[in-house]
Amino acid sequence: MHTDKIINPMEVIVNHVEALIYVIDLKTYEIIYANNRCKEEFGDVLGKICYNVLQGNGESSSNELGTTFEWENKNAINSRTYFFNDKIVEWHDKRKVKIQIGIDITLQKELEKKISKLAYFDTLTSLPNRESMKTHIQNAINQCYQTKEYYSVLFIDLDNFKLVNDIKGHDTGDKVILETTSRIQKCIQEYDTLGRLGGDEFVLMLKTAFTKQETAVQATTYIAKKILKKLKTPYIIDDYTFFISASIGVALFNNDAASPAELMKFADSALNISKSNGKNRFSYFNPKLQKEIIEKEKLTDEIRTAIQKKEFCLYYQPQIAFDKIQKIVAVEALIRWNHPIKGLVLPGKFIPLAEERGLIIELGKWILEEAVKQLKKWESDTTKNAWHLSVNVSIQQFESDDFVESLQTILDVYRIKTNLLRLELTENLLINNIDKALDKLSQIKKMGMSISIDDFGTGYSSLAYLKALPIDELKIDQSFIKDIVKDTNDEIITQTIISIGKKFGLDVIAEGVETQEQFDKLVTLGCTLFQGYFFQRPTQAELY
């Protein structure tokens, strides 16, 4: 009679899982049980000493019954990493044994390494990124408390790097960045740390090894000069020669440093000084700038709050047409800030910061809507219903993807005569992407609005874009008007702009007219449109 072997269901399960499962006699450390997965990985291990055939190393631990262990191990035999869960139990024959269950986590560990690299290292250069550099700087600050030695944080920025990408493309740009990394590394010691913040910006932390500030400055200066010299050497990339320089900002510190973030701000401020002073140089952070940085951060927060609390308002300055008599034909909307403590704040105090911190887009939308609201109110006024209203549009606002769409939304809500709305753009806006600018300006013209080029003569000033772009007005910058009576050059420039405008069929308006002499001079030059304090200061709409 044939008898089938009784199959143990648990045996089937244990032998078909992916985990390593084996049992170790805690007296002899012999393996007394191993599942199929364990045998596939390490061969016939039964009766053999565990740490010779499975681990390749030894272990000491508590052998009390019921004790559990969780541990991670990179196996010395197959180089794979396992996570183990162990438990001390009594075997069926009363022996004290340890049951070990191991799960292969090699792939997970490799993924963790990749994620860590992405989080803390730059993908192109493999240098530490911003967050990683903050950690390195903090460690240096901690070290300073013990050694009193000075360290330096250097911000390094390539001058005119954008031209590399524009001329030869981003692949070549990447090669320049890699070459720059190599050149800087050749200028520093192994205990210094070089990181990349992104683009063409690097940060270097130098250990000067000196406790006297004067000596530390000398050591830092030597390295900064060395780097500038090295980076100024021509780059030959893909048979093309680039001449590139760099600007450097330096923040020196020892145990008086506040935080990595502040040190990086200080170095960045010093970098801006180098840029503004002609580039290809280095500058040290001036402690006086610290107060300015703190005030700038405070003002940024105040601007955000002011937008939420609607503390801004619009003032309007008239634009005058003169033909024997003076007549208001338009007004320009100018933003003011009703600060709860400082009172009325002029735009020069907050607009540049709003642009720098990315707040100008939201602020610009508010200005446009408020101006359109005012145009709607003036529709019922027989004196003002023919006035044009000019609104300044920032570069960031104009270049935002939803600018035309958001503008159309405002027009749909208020249903104004769009031919009375004039958008003022700076000429520098036009050189960033002439094709894209042309497309947006064409859409704006189709919507019925007119276009004015503000501060004309101070930027690109190309006759080519006057021919190509659908603009309606040129505004002569007030810097030319200020000394027009006594400066022949300003008079010639102004007369040229007026002549160009007339030849292209454009309105030409002089802004910043403050005296009778300036006005008279402009009239003799053929100017017919004016704006400035000589006629009226900006004021609230209800005072017109």
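Further up the page is the structure itself.
Residues numbered from 1 in each chain as written. Predicted model: local features only at pLDDT ≥ 70, side-chain atom pairs only at ≥ 80, totals over all residues. Heavy atoms only, no water.

K.L.:
What am I meant to see in the overall build of the chain here?
P.N.:
The secondary structure content of the chain amounts to 20 helices and 21 strands. Relative to the compact-globule value of 24 Å for 544 residues, the chain shows a C-alpha radius of gyration of 36 Å, a clear excess of over 25%. The principal-axis extent of the C-alpha atoms belonging to the chain is close to 125 × 70 × 55 Å. Relative to its full complement of 544 residues, the chain shows a buried share of 44%. Positive and negative side-chain charges in the chain, numbering 69 and 76 respectively, have mean positions lying 2 Å apart. (Helix = DSSP H or I, 4+ residues; strand = E, 2+ residues; numbered from the N terminus. Rg over C-alpha atoms; globule rule 2.2 N^0.38 Å. Buried < 20%, exposed > 50% of the residue type's maximum accessible area, 1.4 Å probe, protein only. Lys, Arg positive; Asp, Glu negative; His and termini not counted. Charge placed at Lys NZ, Arg CZ, Asp CG, Glu CD.)

K.L.:
Can you help me understand empty space enclosed by the protein in this one?
P.N.:
Gaps left between atoms are located by rolling a probe of water-molecule size over the structure's atoms. On inspection of all chains with the given rule, the structure shows one cavity of 30 Å³ or more. Its volume calculated, the largest cavity comes out at about 30 Å³. Leu 375, Trp 378, Glu 379, Lys 384, Asn 385, Trp 387 and Leu 420 are the residues that line the largest cavity. A breakdown of the residues in the lining of the largest cavity according to their chemical character gives four nonpolar, one polar and two charged. (1 Å grid on protein atoms, 1.4 Å probe; cavity = no way out; pocket = protein on both sides within 12 Å on 5 of 7 lines; lining within 4 Å. Points joined across faces, edges and corners; volume = space filled by probe spheres on them. Nonpolar A, V, L, I, M, F, W, Y, C, P; charged D, E, K, R; others polar.)

K.L.:
What's the story with the side chain of Ser 406 in this structure? I'm lost.
P.N.:
By the secondary structure assignment, Ser 406 is in helix 14 (residues 403-414). Polar contacts involving the side chain of Ser 406 include one to the main-chain carbonyl oxygen of Phe 403, which spans 2.9 Å. (Polar contact = N/O pair within 3.5 Å; in protein donor to acceptor, adjacent residues only side chain to side chain.)

K.L.:
Explain the packing of helix 14 against helix 16 (residues 434-446) here, please?
P.N.:
The axes of two packed helices give the description: the angle between them and the distance between them. Direction vectors running N to C along helix 14 and helix 16 enclose 10°, while the axes themselves pass 10 Å from each other. Taken together, the axes of helix 14 and helix 16 are roughly parallel relative to one another. Classified by chirality, the crossing of helix 16 by helix 14 is right-handed. Facing Phe 403, Val 404 and Leu 407 of helix 14, the residues of helix 16 in contact are Lys 440, Gln 443 and Ile 444. Split into classes, the residues belonging to the contact of helix 14 with helix 16 amount to four nonpolar, one polar and one charged. (Axes fitted to C-alpha atoms, helices over the stretch in contact; angles between N-to-C directions. Parallel < 35°, antiparallel > 145°, perpendicular 65-115°, else oblique. Left-handed = near helix turned anticlockwise from the far one by under 90°. Contact = heavy atoms within 4.5 Å.)

K.L.:
Explain the sheet that holds strand 8 (residues 201-207) here, please?
P.N.:
Paired through their backbone hydrogen bonds, the strands of a sheet run either parallel or antiparallel. Strand order in the open sheet formed by five strands is 7-8-6-11-12, and the pairing between neighbours is mixed. Among the strands making up the open sheet, the edge pair consists of strand 7 (193-198) and strand 12 (282-284). Pairwise comparison of adjacent strand axes, ignoring direction, gives a mean angle of 20° for this sheet. The pairing of strand 6 (residues 151-158) with strand 8 spans seven bridges and is classified as antiparallel. Note that in strand 8 the partner of Tyr 151 across the bridge is Lys 207. Contacting strand 6, strand 8, strand 11 (246-253) and strand 12, helix 8 (residues 213-232) crosses the sheet at an angle of about 160° to strand 11. (Pairing = 2+ DSSP bridges.)

Coordinates in, geometry out; function isn't part of it.
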